[in-house]
Amino acid sequence: MDEVFAFVSDARNRPGWDDSVGSEELTSPEPIGVGSTVRTRMQSMGRDLEIDWEIVEHEPPSHQRIESTSGPFSTTLVYDLEGDPDGTAVRFSVTGRPSGPMRLMQPLIGRTTQRNLDKAFARLKEVLEGRS
């Protein structure tokens, strides 16, 4: 579980398993923890996006919460990991809070995000199993 958390909680690894992400860079000094900041360059719904994030909860090896500090709307990412005899279960949630006219697009944003995440986490499983 420690190795999985270390890999998932380091945003710089995300482009290797999430095709929607072009790059993620740590924009604050190491080590990664509460207060660390990250810049993501990604594509979603045909748009190029740049989003800045701050890690607000970091509890190795089981939990990390990240809040956007820029981007099209406020977003929260949460990773919860749980070990079991067969490996490590990764539970991930994303909560976007579009406002104004963007609220009308919320159902489309949700479906697109879910499709991207389904593909990304299938790829993450392949990457992690290939490392062991």
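Nothing here was measured: the structure is a model prediction, and the numbers come from that model. (Residues numbered from 1 in each chain as written. Predicted model: local features only at pLDDT ≥ 70, side-chain atom pairs only at ≥ 80, totals over all residues. Heavy atoms only, no water.)

Chemist: I would appreciate a short explanation of unusual backbone geometry in the present structure.
Modeler: For residues that are not glycine, phi is negative in most cases, and the peptide bond is trans in most cases. With an omega of 5°, the peptide bond between Glu-30 and Pro-31 qualifies as cis. Of note, the bond from Pro-60 into Pro-61 is cis; its omega dihedral lies within 30 degrees of zero at 0°. Secondary-structure assignment places Pro-61 in the loop between β3 (47-59) and β4 (63-68). (Helix = DSSP H or I, 4+ residues; strand = E, 2+ residues; numbered from the N terminus.)

Chemist: Got a minute to help me understand the side chain of Asp-10 in this structure?
Modeler: Counting through the fold element by element, Asp-10 comes out in the loop between α1 (2-9) and β1 (21-26). Of the polar contacts made by the side chain of Asp-10, one reaches the side chain of Arg-12; its length is 2.9 Å. (Polar contact = N/O pair within 3.5 Å; in protein donor to acceptor, adjacent residues only side chain to side chain.)

Chemist: Is there a simple way to explain empty space enclosed by the protein in this structure?
Modeler: Rolled over the atoms, a probe with the dimensions of a water molecule shows which regions are left empty. Summed over the entire model, instances satisfying the criterion amount to one cavity of 30 Å³ or more. When its volume is computed, the largest cavity comes out at roughly 140 Å³. Lining the largest cavity are 17 residues, with Ala-11, Glu-24, Gln-64, Ile-66 and Tyr-79 sitting closest to its centre. Among the secondary structure elements, those contributing two or more residues to the lining of the largest cavity are α1, β3, β4 and β5 (74-84). Considering every element that reaches the lining of the largest cavity, the biggest residue donor is α1, with three residues. Residue classes in the lining of the largest cavity are distributed as 11 nonpolar, three polar and three charged. (1 Å grid on protein atoms, 1.4 Å probe; cavity = no way out; pocket = protein on both sides within 12 Å on 5 of 7 lines; lining within 4 Å. Points joined across faces, edges and corners; volume = space filled by probe spheres on them. Nonpolar A, V, L, I, M, F, W, Y, C, P; charged D, E, K, R; others polar.)

Chemist: In this structure, what is going on with the packing of aromatic side chains? I would like to understand it.
Modeler: Between two aromatic rings, the relevant description is the distance of the centres plus the angle of the planes. Counted according to the given criterion, the structure contains three aromatic pairs. Each ring, one from Tyr-79 and one from Phe-92, has its centre 4.8 Å from the other, and the planes form 50°; the classification is tilted. In this pair, Tyr-79 sits in strand β5 while Phe-92 sits in strand β6 (residues 87-97), placing the two residues 13 residues apart along the sequence. Of the residues examined, Tyr-79 reaches a relative accessible area of 4% and is grouped as buried. Put simply, the rings of Trp-17, Tyr-79, Phe-92 and Phe-121 pair up and form one aromatic cluster. (Phe/Tyr/Trp six-rings, centres within 6.5 Å; stacked < 30°, edge-to-face > 60°. Buried < 20%, exposed > 50% of the residue type's maximum accessible area, 1.4 Å probe, protein only.)

Chemist: What's the story with the environment of Leu-128 in this structure? I'm lost.
Modeler: With respect to the helices, strands and loops of the structure, Leu-128 is situated in helix α2 (residues 106-131). In sequence terms Leu-128 and Val-8 are 120 residues apart; their C-alpha atoms lie 9.5 Å from each other.

Chemist: I keep staring at a nonpolar patch on the surface and nothing clicks. Help me out?
Modeler: Together, Met-45, Leu-104, Met-105 and Leu-108 give the surface a local cluster of nonpolar side chains, amounting to about 380 Å² of exposed area. Along the chain, the position of Met-45 falls in the loop between β2 (37-44) and β3. (Patch = residues over 30% accessible without salt bridge, like charges linked within 9 Å, V, L, I, M, F, W, Y side chains within 5 Å. Areas by Shrake-Rupley, 256 points an atom, 1.4 Å probe, with all protein chains shown as cover. Salt bridge = Lys/Arg side-chain N within 4 Å of Asp/Glu carboxyl O.)

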